[in-house]
Amino acid sequence: MSKKVSIITVNYNDKPGLEKTIASVLSQTSSDYEFVVMDGGSTDGSVELINQYKDRIDIAVSEKDSGVFNAMNKAIKAATGEFLIFMNGGDIFYNQTVLEDVIPMLTSEADIYYGDNYKETPGRSKRLKTYPEKLSFSFFYTSSINHQSTFIRRSLFDQYFYYNENYRIAADWEFFIYTICKENVPYKYLKKTIAIYDFTGISSNPKSSELFIKEKSQTIAKYFPAFADDYKEVSELNSKRFLQFRHIKDHKFAFKILKGFISLILLFLPKVPKK
């Protein structure tokens, strides 16, 4: 009989992170899961580590791949669980009872279940990331739910598409915005903290932000062309400066002063063009 959840871990030359994730998975109080480890042909001792736990890992593969999303896709095809969750090297469950608490919530009501998570930069910071109950198109313009704290019905990948292997960062974001905002796949917020994820990967690196924006723009142009011109505008509306403006607007006296200052500046500028 298939397990309710397949936990997928992809790894390449990150033995310490992999060991951390394996320990977290194996400490879960629920046994209603399948553990899939997809290694990219590591040479740092990861393969030997996987072999140490081969009796407790349901599917273990170590072979060359073309990148993280290629490895994730291979793991999806191998997995047999009704729902999938991706816990890569260094990611851990929030506590030992996450699966015991969550699995009863995974019903036919929704196809995507997501919860909160902690973003952890080892030795530097640990911050709780919470999510809204309603996921909007504008939410995905500037944010996303995280695969470390999201349970995805496996059949969605066969029904729609697997992760885009041409992307280095935004493939899971593309999958979420497409299935939720275009196909209206039912989703549900779990109101629980699911994971603590390693915030040192490529998608978390500020140097990768330009590539991330580029890949997201390609997805918008491909699946939501009518909204492509709005991409920059919505990003501006979610900028730090605009959020500060909204904060001032909530305080009458401060907003009155700001309006007076704006009116003064407008005296020296051309009239605002009508749209």
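A brief report on the enclosed structure follows. (Residues numbered from 1 in each chain as written. Predicted model: local features only at pLDDT ≥ 70, side-chain atom pairs only at ≥ 80, totals over all residues. Heavy atoms only, no water.)

### Quick look at the overall build of the chain
Reasoning step 1: Secondary structure summary: the chain contains 11 helices and 9 strands in total.
Reasoning step 2: A sequence separation of at least 24 residues applies to 76% of the contacts in the chain between residues at least 6 apart.
Reasoning step 3: Surface exposure of the chain reaches about 15200 Å², of which carbon and sulfur atoms provide 53%. (Helix = DSSP H or I, 4+ residues; strand = E, 2+ residues; numbered from the N terminus. Contact = heavy atoms within 4.5 Å. Areas by Shrake-Rupley, 256 points an atom, 1.4 Å probe, with all protein chains shown as cover.)

### Focus: the pairing of strand β9 (residues 187–198)
Reasoning step 1: As paired strands, strand β5 (residues 92–93) and β9 are joined by 2 bridges and run antiparallel to one another. Pairing of I92 across the sheet is with I196, part of β9.
Reasoning step 2: Judged from the 8 bridges that link them, strand β6 (residues 112–121) and β9 form a sheet pairing that is parallel. Among the inter-strand pairings, Y118 is bridged to a residue of β9, identified as I196. (Pairing = 2+ DSSP bridges.)

### Quick look at the nonpolar core
Reasoning step 1: Ranked by internal contacts, the top residues of the largest apolar core, which has 41 residues, are I8, F86, I145 and Y163.
Reasoning step 2: Of all the elements, helix α7 (residues 171–182) adds the most residues to this core, at 7 residues. (Core = buried A, V, L, I, M, F, W, Y, C linked by side-chain atoms within 4.5 Å. Buried < 20%, exposed > 50% of the residue type's maximum accessible area, 1.4 Å probe, protein only.)

### Here we look at the packing of aromatic side chains
Reasoning step 1: In total, this model carries 21 aromatic pairs according to the counting rule given.
Reasoning step 2: Judged by centre distance (4.9 Å) and plane angle (55°), the rings of F137 and Y141 are tilted. Highlighted residues: F137 and Y141, both in helix α5 (residues 137–142), separated by 4 residues, approximately one helical turn.
Reasoning step 3: The class of Y141 is buried, set by a relative accessible area of 2%.
Reasoning step 4: Measuring from ring centre to ring centre gives 4.4 Å for F157 and F175, while their planes differ by 15°; the resulting arrangement is stacked. (Phe/Tyr/Trp six-rings, centres within 6.5 Å; stacked < 30°, edge-to-face > 60°.)

### Regarding the environment of F176
Reasoning step 1: By the element assignment, F176 lies in helix α7.
Reasoning step 2: Using a relative accessible area of 0% as the deciding quantity, one classes F176 as buried.
Reasoning step 3: In contact with F176, not counting residues within four places along its chain, are I112, F140, S144, I145, H147, T150, I152 and C181.

### Examining the pairing of strand β1 (residues 5–11)
Both faces of the sheet carry side chains from a regular strand, because those side chains alternate between them.
Reasoning step 1: The buried fraction of β1 amounts to 7 of the 7 residues, a majority that puts the element mostly inside the structure.
Reasoning step 2: With burial as the criterion, each face of β1 is covered, one bearing V5, I7, T9 and N11 and the other bearing S6, I8 and V10.
Reasoning step 3: In this sheet, strand β2 (residues 33–39) lies alongside β1 in parallel orientation, the contact comprising 7 bridges. Residue V10 lies in a different strand from β2, and its bridge partner there is M38.
Reasoning step 4: Taken together, β1, helix α1 (residues 15–26) and β2 constitute a β-α-β crossover, and its handedness is right-handed. (Right-handed = clockwise from strand over helix to strand, strands pointing away.)

### Some words on a nonpolar patch on the surface
Reasoning step 1: A cluster of nonpolar residues, F261, I262, L264, I265, L266, L267, F268 and L269, forms a patch on the protein surface that exposes about 840 Å² of accessible area.
Reasoning step 2: The topology assignment puts I262 in helix α11 (residues 252–266). (Patch = residues over 30% accessible without salt bridge, like charges linked within 9 Å, V, L, I, M, F, W, Y side chains within 5 Å. Salt bridge = Lys/Arg side-chain N within 4 Å of Asp/Glu carboxyl O.)

### Concerning the packing of α7 against helix α8 (residues 209–223)
Reasoning step 1: Running from amino to carboxyl end, α7 crosses α8 at an angle of 30°, the nearest separation of the two axes being 10 Å. Classified by the interaxial angle, the pair formed by α7 and α8 is roughly parallel. Along this stretch, α7 crosses α8, giving a crossing that reads as right-handed. Of the residues in α8, those touching α7 at W173, E174, I177, Y178 and K182 are K216, T219, I220 and Y223.
Reasoning step 2: Residue composition of the contact of α7 with α8, grouped by class: 5 nonpolar, 1 polar and 3 charged. (Axes fitted to C-alpha atoms, helices over the stretch in contact; angles between N-to-C directions. Parallel < 35°, antiparallel > 145°, perpendicular 65-115°, else oblique. Left-handed = near helix turned anticlockwise from the far one by under 90°. Nonpolar A, V, L, I, M, F, W, Y, C, P; charged D, E, K, R; others polar.)

### Points about the side chain of N70
Reasoning step 1: Along the chain, N70 falls in helix α3 (residues 68–78).
Reasoning step 2: Since its relative accessible area comes to 14%, N70 is described here as buried.
Reasoning step 3: With residues up to four places along the chain from it excluded, the contact list for N70 reads D65 and E165.

Just distances and angles here, no functional claims.
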